Amino acid sequence: MTAETVAFAGVAVVLLGSSLAVVLTPNLFHAVLYLAVALVSTGVVFLLLDAPFLFGVQLLLYAGGVVTIVVFAIMLTERLVGQTIRSASRYLVNGAVISAAVFVGIVGFLVQAPRVGVRPALAGDLTLALGRALVGPFALVLELLGVLLVIALVGALYFTRSEA
Amino acid sequence: MPLSAYLTLAALVFAIGLFGVLTRRNAVGILLGIELMLNAVNINLVAFARFAGDLAGVIFALFTIAITVAEVAVGLAIVIVIFRVRRTVEADHLDLLRG
Amino acid sequence: MSLRVGSAGVAMLVLALPFASFLLLALVRPLRRSAVAAATVSITAMVAAVGAAFWLSWHAGRRVPLQSPSTTWSWIPADGGPMATVGVMVDEISMAMAMLITFVSLMVQIYSWAYLHDEPRASLGRYYAYHSLFAFSMLGLVLSPTFIQMFVFWELVGLCSYLLIGFWYDRPSAARAAVKAFWITKLGDLGFVAGIVMLWAAAGTFDFWDLFRMANLGTLPHAGLPLIMFLIYLGAVGKSAQFPLHVWLPDAMEGPTPVSALIHAATMVTAGVFLVTRAFPLFLLVPGVLTLIAWVGAFTALLAATMACVETDIKRVLAYSTVSQLGYMMAAAGAEAPGAGFNHLLTHGVFKALLFLGAGIVIHVFHTNDIFRMGSLRGLPWLWGPFVIATLALAGVPPLPGFFTKEAILGGVLEARLMVPFAMLALTAFLTAFYMFRVVFLAFFGRGPGDAPAHHHVPGLMSGVCWTLAALSVATGVAMARQVLRSGHHDGAPAWLPAFSLALAGGGIVLAWAMYQRPLIDPARVAGALAPLDWAARRRYGIDAVFTGLYRFVLLAFSRLIGWLDRYVVDGVLNALSALTLRAGDRLRRIQSGLPQDYVYGVALGALVLFVLAQWRLR
C-alpha cells in the first residue's frame, strides 16, 4: 500500500462520487457545485500523474472559469427568480443501460491490452518542457487556439447581444 | 497504480457523464454532463502521456481544456438566447429540429 | 417522258392514282368537305386508273417465259440480301383483277353520287376518300409480288372494309357489323400471317416467283408444308367468307348498298379466291389441303344457298348468294381447276355488283329492304331490266356468262372425281336459281303493299350505271358463247353437263314461279315439309350464336381477366410498393424527434455497434 495507491483511491472515490452527484441531483445549482468538486479532483489526478502545470490550468480554467459561466447561465435561464432551481430527469433506466454498455465496451478493450504498470523516469521539468514545446513545435497550434478563443468570445457576444 | 486503473477511472467518469447527457432535462444540465465527459478524456490523455513518456498527450490535454472553455461559452450563450426566445430551457421543448 | 413506258411503271401508275386521290382527300380538308370536289377527284382518278389498267392488259401481253413478271426494290434489309422486297407483279391474273377492280370501282363511285345524294356533304367527302383508299389497297393486293406485301395490303383492305361497313357510324348496328367483320376476318388473318412466316422460315423468301420456281424444281422443303398452306388458306377462309367464318358477310350489309356492291361482291371478298389462285403452284404440292378447300367450298355454297331461301331482306339474300358463289370459286380451285374459278370470279364480280346496284334501285323506290313489302315494277322495264339480266346470269342461263363459268366449275369438280362436292354444287345451282327468282318475282313482279309505282323517280345515273354493267355482262356472255361454239366442247367435261346445268337452272326458275308468281304451290306447305331445315336456316344454323358466345364468354371474359390482373396485380404491386414506401417513411420519420438527447442516444448506440464490430475483428 503505497502512498500513491492510497491517494489514488481517495481521489477516485471523490471524483466518482461528485460525478454521480452532478448527474443525479435534482437541484441544478447543487449540480454545478458538485461539478466544481469533480473538476478539482480531476486536477488532483493530474498531480498524481506528475503534471502540476495541468493541475493549475485545470483549477484556473475549469473550476474557476467554467463553473462561473455555468452559474451565470443558470441564473439567467430560470423563469422565477428566487425559487429553488429544480430539475428532474427522464428515462433513467434507458440512460443507465446505454452508459453501462459504453463503459463495458471501453473496458472490454482495456482488458485485452497489455498491462503497463511502470512509469518511465521523468525527463526533466514538465512545465519547462511544455513551455518550450508551446513556443517551439506547437507554436502554430497555440496561435490558432488564440484565434479560436477570440472567435468564441465574439460569437458569444454576438449571440447574446440585445436587439437594439 | 497501473495505467489501466487511470483508464478505468476515466472510462467510469465518461460513462457517468454520458448518463447525465442522456437523462438531464435541463439544457444546462446536459452541458454539465458534457463537461464530465471532456474531463474524462483529459485524464485519459495525461495518463497515456505519462506512461508513454511523451509530452504530446499533455499538450493535447491543454488544448482540449482551452477549447472546452470556448465551447462552454458559446454553448451557454446559445442556451441564453433560446431562453430569451422560448422562455424555457427544458430539452423536451426544444424540438425545432423535428423532421 | 420516255416513249415506251414499261409495264411496271404503268402498274405503279394504276396504284398511284387512287392513292393520290386518297391522300389529297385525306389531307386537304376543304376538298373533302365539298362533296362535289371529293367525288370529282376520286372519280377522275378512277377513270385514269381504268385507262391505265386497260393499257396494261393491251400492251403487256407478250411476256418472256421464265422471266419474273415482278419488278421489285429491296425493303427490309438483312444479311445476305433483303429479307423482303416491295414492287409490282404484272401477269394475267393481276391484270384481269386490276381491270375488274378499277372498272367496278368507277361504276360504283358514279352510282354512289346519285344514291347517297341525301348524305351530308362532309360525310360524302369522307365516303369518297374511303373509296379511293380501298381501290388503292385492293389494287396493291393483286399487284403484289410477295406474300408479305400482299399481307400488308390484305390488312389495309380489311381496314377499308371496316371503315366502309361502319360508314354510318352513329348507327349501333352498323358499328357492330363493322367490328364483327373485322374480328372474324382477323381470325383468318392470324392463320395467314402464321403461314407466311412459317413459309419464309422454311423457304427463306416471301417472293412468289422464287417460291414458284422452288416448287417446280422440288426444292421447297416438304415437312410442314400442308400445315403452312392450310394456315395461308385460313386467311382466304376469313376474307372470302367460307364456312365457318362466313358470318360477317350478311351483317356487313349495314353499309351503304354501293359499298356492298363493290366490296362484298366483286372485290374484297374475292381476295381470298385470288390468294388461292395466285399461290396455286404451292397448293398443288399439298393435294390434301386442296381437297379440303373443295369440300369446304362446296359445303359453304350449299349452306349459304339454304339460308338465302328463307331471307326476306333483299341485300341479305344477295349477301348469302355471294357467299355461295365464293364457295363455288373455292371449290373450283380445290378441284385443281383454278382457271375456272377465276373466270367465275371475274364474271360474277360484274353481275353481282349489278345485282346489288339494281337492288339499290328497288330499295330507293320502295324505301325498304324487305322483299315482301316491295311491289310491282312490271311496267318499268328500264328499272327491272338490268336486275333480271343479272339474275339470269347468276342462275346460269345461256348466253349469259354465269352459265359458262358455272358449268366450267362443275366440269372441273367432276373431273377431279369429287362426287359429294359435285352433288352439293349441283343442288346449290338449283337453289340459286330458285331463291334469286323468288326475289325477282316478289320484289319486281309481286303484289306487295308497295303497289302503284306511278312516279318513282330513279336518278339517271343509277339506272345508267346498271344498264352499262348489264350490257357488259351480255357482251361477255356472247363472247364466251362464240368461243365455245367455235372451239367445240370443253375438253374433259362430259357431254351431258351443259344440259344438266341448264336443267338445274330451269328447274329452280320454274319452282320459284310456281310458288311465288302463281299460287300453284303454297310456300308455307313447302316450309312445313322441310320444317327442321327451315327452322335451322332461319336461325342461321346457330353459327352466329357460337361466335357471339365465343366473343362474349371467351374473348371478353379473357380481357376482363386481363383487365383485373392489370388493375389489381400489376398496379396493385406498384401501389403496394408506393404505399409501403410512404408508410415506412412515416414510421422512420419518428427518429427525427428533434430532441437532441435522442440524437445522443443514436450516437451512443452507433458507438456501441462500432465497439462490437471492432471486438469481432480483433478476434
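The structure under discussion appears in the preceding block.
All chains use their own residue numbering, which begins from 1 and follows the written sequence. Chains carry letters and ligands carry numbers; both start at the beginning, A for chains and 1 for ligands, and go up in the order they are written. Where local features are concerned, this predicted model is filtered to residues with pLDDT of at least 70; where side-chain atom pairs are given and counted, the filter is 80 or more; whole-chain, interface and lining totals use all residues. As a rule here, side-chain values come from all non-hydrogen atoms in the structure, and water together with hydrogens is ignored.

Caption draft 1: Just the overall build of chain B, in detail. Per the convention used, a helix needs a DSSP run of H or I reaching at least four residues, while a strand needs a run of E reaching at least two, with both numbered from the N terminus. Secondary structure summary: chain B contains three helices and zero strands in total. Listing every helix and strand of chain B by position from the N terminus yields α-α-α. The contact criterion used throughout is that any non-hydrogen atoms of two residues lie within 4.5 Å. Intrachain contacts of chain B at a sequence separation of at least 6 include 54% that bridge at least 24 residues.

Caption draft 2: The overall build of chain C, seen in detail. Broken down by element type, chain C carries 25 helices and two strands. Burial classes: relative accessible area under 20% of the type maximum marks a residue as buried, over 50% as exposed, and values in between as partly exposed (1.4 Å probe, protein chains only). Expressed as a percentage of the 619 residues in chain C, the buried residues total 54%. The long-range fraction of contacts in chain C, counting pairs at least 24 apart against all pairs at least 6 apart in sequence, stands at 80%. Element-wise, carbon and sulfur atoms account for 69% of the exposed surface of chain C, whose accessible area totals about 26,700 Å². Surface accessibility in these figures is a Shrake-Rupley result with a 1.4 Å probe; residues are shielded only by whichever protein chains are displayed.

Caption draft 3: Structural detail: the packing of aromatic side chains. Pairing of aromatic side chains here covers Phe, Tyr and the six-membered ring of Trp, requires ring centres within 6.5 Å, and sorts the geometry by plane angle: under 30 degrees stacked, over 60 edge-to-face, intermediate tilted. One pass over the structure, following the stated rule, counts 24 aromatic pairs over all chains. Measuring from ring centre to ring centre gives 6.4 Å for C:Phe230 and C:Tyr233, while their planes differ by 50°; the resulting arrangement is tilted. Here C:Phe230 and its partner C:Tyr233 are both found in helix α9 (residues 225-239), three residues apart, which amounts to about one turn of the helix. Assessed through its relative accessible area of 29%, C:Phe230 is described here as partly exposed. With a centroid separation of 5.6 Å and an interplanar angle of 75°, the aromatic rings of C:Trp496 and C:Phe500 are classed as edge-to-face. Linking C:Trp496 with C:Phe500, this pair stays in helix α21 (residues 496-517), spanning four residues, or about one helical turn. Looking at C:Phe500, the relative accessible area reads 29%, which means it is partly exposed. Linked through ring pairs, C:Tyr127, C:Tyr128, C:Phe167 and C:Trp168 together constitute an aromatic cluster. The rule is short: NZ of Lys or CZ of Arg within 6 Å of the ring centre and within 35 degrees of the ring normal puts a charge over the ring. One cation-aromatic arrangement involves A:Arg161 over A:Tyr158; the distance from NZ or CZ to the ring centre is 4.0 Å.

Caption draft 4: Here's a closer look at the pairing of strand β2 (residues 84-89) of chain C. Residues and elements named next belong to chain C. Within β2, five of the six residues are buried, which leaves the element mostly enclosed by the surrounding structure. In this structure, strand β1 (residues 70-76) lies alongside β2, joined through six bridges in antiparallel fashion. Across the sheet, residue Thr71 finds its bridge partner in β2, namely Val88. At least two DSSP bridges between two strands are needed for those strands to be called paired.

Caption draft 5: Geometry of the pattern of salt bridges. What counts as a salt bridge is simple: a side-chain nitrogen of Lys or Arg found within 4 Å of a carboxyl oxygen of Asp or Glu. Overall, the coordinates contain nine salt bridges over all chains when judged by the stated rule. Of the charged contacts in the structure, one is a salt bridge between A:Arg119 and A:Asp50, with a shortest N-O distance of 3.2 Å. In this pair, A:Arg119 sits in the loop between α4 (92-112) and α5 (126-135) while A:Asp50 sits in the loop between α2 (28-48) and α3 (52-76), placing the two residues 69 residues apart along the sequence. Among the residues examined, A:Asp50 registers a relative accessible area of 26% and is labelled partly exposed. Its salt-bridge partner being C:Arg278, residue C:Asp91 comes within 2.7 Å of it at the nearest N-O pair.

Caption draft 6: Spatial organisation of the packing of helix α6 (residues 139-159) of chain A against helix α3 (residues 56-86) of chain B. Fitted lines through C-alpha atoms give the axes, limited to the stretch in contact for helices. The angle between two N-to-C directions lies from 0 to 180 degrees. One can describe the packing of α6(A) onto α3(B) by two numbers: an axis separation of 9 Å at closest approach and a directional angle of 10°. Between α6(A) and α3(B), the angle is such that the two are roughly parallel. Facing α6(A), whose interface residues are A:Val141, A:Leu142, A:Leu145, A:Leu148, A:Leu149, A:Ala152, A:Ala156 and A:Phe159, α3(B) presents B:Phe63, B:Ala66, B:Ile67, B:Ala70, B:Ala73, B:Val74, B:Ala77, B:Ile78, B:Val81 and B:Arg84. What sets the label is the angle itself: under 35 degrees gives roughly parallel, over 145 gives roughly antiparallel, 65 to 115 gives roughly perpendicular, and the rest give oblique.

Caption draft 7: Broad picture of the interface of chain C and chain B. Listed as interface residues are 11 residues of chain C and, on the opposing side, 14 residues of chain B. Each of two parts loses accessible area, computed with a 1.4 Å probe, when they are put together; buried area is these two losses added. For the pair chain C and chain B, the two sides together bury roughly 970 Å², of which 61% comes from carbon and sulfur. Across the contact surface, chain C and chain B share zero salt bridges. Under this definition, polar contacts are N or O atom pairs within 3.5 Å; protein pairs additionally need one hydrogen-donor-capable and one acceptor-capable atom, and for neighbouring residues in sequence, both atoms have to be side-chain atoms. Viewed at the interface, chain B and chain C are joined by two residue pairs in polar contact (both at pLDDT 80 or more). The leading source of residues in the side of chain C that touches chain B is helix α25 (residues 596-618) of chain C, at six residues. Residue polarity is assigned by list, with Asp, Glu, Lys and Arg as charged and Ala, Val, Leu, Ile, Met, Phe, Trp, Tyr, Cys and Pro as nonpolar; anything else, Gly included, falls into the polar class. Counted by class, the side of chain C that touches chain B contains six nonpolar, four polar and one charged residues.

Caption draft 8: Here's a closer look at the packing of helix α18 (residues 401-415) of chain C against helix α19 (residues 419-444) of chain C. All names here are of chain C. It is the contact of α18 with α19, at a shortest axis distance of 9 Å, that shows an interaxial angle of 160°. Taken together, the axes of α18 and α19 are roughly antiparallel relative to one another. When the axes of α18 and α19 are compared, the crossing they make is left-handed. On α19, the residues that touch Lys406, Leu410, Val413 and Leu414 of α18 are Met419, Pro421, Phe422, Leu425, Ala426, Ala429 and Thr432. Its residues placed into classes, the contact of α18 with α19 shows nine nonpolar, one polar and one charged. Definitions for this section: a left-handed crossing has its near helix turned counterclockwise from the far helix by less than a right angle. A right-handed crossing has that turn clockwise.

Caption draft 9: Looking closely at the interface of chain A and chain B. Between chain A and chain B, the residue contacts involve 79 residues of the former and 65 residues of the latter. Around 6,600 Å² of area is buried between chain A and chain B when both sides are counted, 78% of it from carbon and sulfur atoms. Across the chain A-chain B interface, the total number found is one salt bridge. For the salt bridge of B:Arg50 with A:Asp50, the shortest nitrogen-to-oxygen distance reads 2.7 Å. The tally of links from chain A across to chain B stands at 11 residue pairs in polar contact (both at pLDDT 80 or more). Partitioning the side of chain A that touches chain B into residue classes produces 58 nonpolar, 13 polar and eight charged.

Caption draft 10: Molecular detail of a nonpolar patch on the surface. Residues and elements named next belong to chain C. Patch criteria: residues need more than 30% relative accessible area and no salt bridge. Like-charged residues are merged within 9 Å; nonpolar side chains of Val, Leu, Ile, Met, Phe, Trp and Tyr are merged within 5 Å. A cluster of nonpolar side chains, Phe558, Leu561, Ile562, Trp564, Leu565, Tyr568, Val569, Val570, Val573, Leu574, Leu577 and Leu580, forms an exposed patch at the surface whose accessible area comes to about 1,200 Å². Topologically, Phe558 is positioned in helix α24 (residues 543-589). Here Phe558 falls in the partly exposed class, since its relative accessible area comes to 49%.

Caption draft 11: Examining unusual backbone geometry more closely. Cis geometry marks the peptide bond from C:Phe243 to C:Pro244, where omega comes out at -5°. Residue position: C:Pro244 is located in the loop between α9 and α10 (248-251). With an omega of 0°, the peptide bond between C:Pro398 and C:Pro399 qualifies as cis. Examined against the element boundaries, C:Pro399 turns out to sit in the loop between α17 (381-395) and α18. Its identity as a non-glycine residue notwithstanding, A:Asp50 has a phi of 60°, on the positive side. With a phi close to 60°, C:Arg417 is a non-glycine residue in the positive phi region. With respect to the helices and strands, C:Arg417 occurs in the loop between α18 and α19. The exposure class assigned to C:Arg417 is exposed, which follows from its relative accessible area of 62%.

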